[in-house]
Amino acid sequence: QVQLVESGGGLVQAGVSLRLSCAASGRSFSSYAMGWFRQAPGKEREFVAAITWTGDVTSYADSVKGRFTISRDNAKNTVYLQLNSLKPEDTAVYYCAARSGARRTIVPGDLIWDQYDYWGQGTQVTVSS
């Protein structure tokens, strides 16, 4: 069992940066691939970024590539999402998720929300123009 708690969201103006954190508790955090997803009002949950258990390999949605960075610190049981150059269309609830499997690369299932085993409660990011 893994418990996830996100933090760091807020109301910001376009162009600024935020860093989201996801603190994990429970067993074997380092053996899980981690992902960030987001859901805007009236829209489906969508993939944002994923990272392997080692932190060596990452993957991003095209809409955030070059602006967002996912990272993890297994010693602190924490995964981060750095959000730069925020746009109003980035407004959403951001969720972190854990997917079991100590794989050395990102696999297609890591990009699909219903393939994840554990979820946080989400943190709201609102970007004003």
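In short, a report on the structure.

How each quantity is defined
Residues numbered from 1 in each chain as written. Predicted model: local features only at pLDDT ≥ 70, side-chain atom pairs only at ≥ 80, totals over all residues. Heavy atoms only, no water. Phe/Tyr/Trp six-rings, centres within 6.5 Å; stacked < 30°, edge-to-face > 60°. Helix = DSSP H or I, 4+ residues; strand = E, 2+ residues; numbered from the N terminus. Buried < 20%, exposed > 50% of the residue type's maximum accessible area, 1.4 Å probe, protein only. Lys NZ or Arg CZ within 6 Å of the ring centre and 35° of its normal. Disulfide = S-S within 2.5 Å. Pairing = 2+ DSSP bridges. Axes fitted to C-alpha atoms, helices over the stretch in contact; angles between N-to-C directions.

1. Some remarks on the packing of aromatic side chains
In this structure the tally under the stated criterion is seven aromatic pairs. Taken together, a centroid distance of 5.3 Å and an interplanar angle of 55° make the contact between F37 and W119 tilted. With F37 in strand β4 (residues 32-39) and W119 in strand β10 (residues 118-119), the pair connects residues that are 82 residues apart, well separated along the chain. Of the residues examined, F37 reaches a relative accessible area of 1% and is grouped as buried. Cluster of aromatic residues (ring-pair linked, three or more members): F37, F47, Y95, W113, Y116 and W119. For R45, the ring lying beneath its charged end belongs to Y95, and the centroid distance is 4.0 Å. The cationic tip of R45 hangs over the ring face of W113; the distance from NZ or CZ to the ring centre is 5.8 Å.

2. Observations regarding unusual backbone geometry
Positive phi values are uncommon outside glycine, yet N77 reaches one of about 55°. Topologically, N77 is positioned in the loop between β7 (68-73) and β8 (78-83). According to the relative accessible area criterion, N77 is partly exposed, its value standing at 25%. Not every positive phi belongs to a glycine, and S85 is a case in point at roughly 50°. With respect to the helices, strands and loops of the structure, S85 is situated in the loop between β8 and β9 (92-100). The class of S85 is partly exposed, set by a relative accessible area of 40%.

3. Details of the state of the cysteines
Cysteine pairs can be covalently joined through their sulfur atoms, and such a bond is termed a disulfide. Here the structure, examined in full by the defined rule, presents one disulfide. The disulfide that involves C22 links it to C96, with 1.9 Å between the sulfurs. An S-S torsion of about 45° defines the bridge between C22 and C96 as right-handed. One end of the pair, C22, is in strand β3 (residues 18-26); the other, C96, is in strand β9, and 74 residues separate them in sequence. Judged by relative accessible area, C22 falls into the buried class, the value being 0%. Note on C96: relative accessible area 0%, which makes it buried.

4. Concerning the sheet that holds strand β1 (residues 2-7)
Spatially, four strands are ordered β1-β3-β8-β7 in an open sheet, and the strand pairing comes out antiparallel. One side of each edge strand has no neighbouring strand; the edge strands of this open sheet are β1 and β7. Along the sheet, successive strands turn relative to each other by an average axial angle of 15°, direction set aside. Pairing of β1 with β3, which is carried by six bridges, proceeds in the antiparallel orientation.

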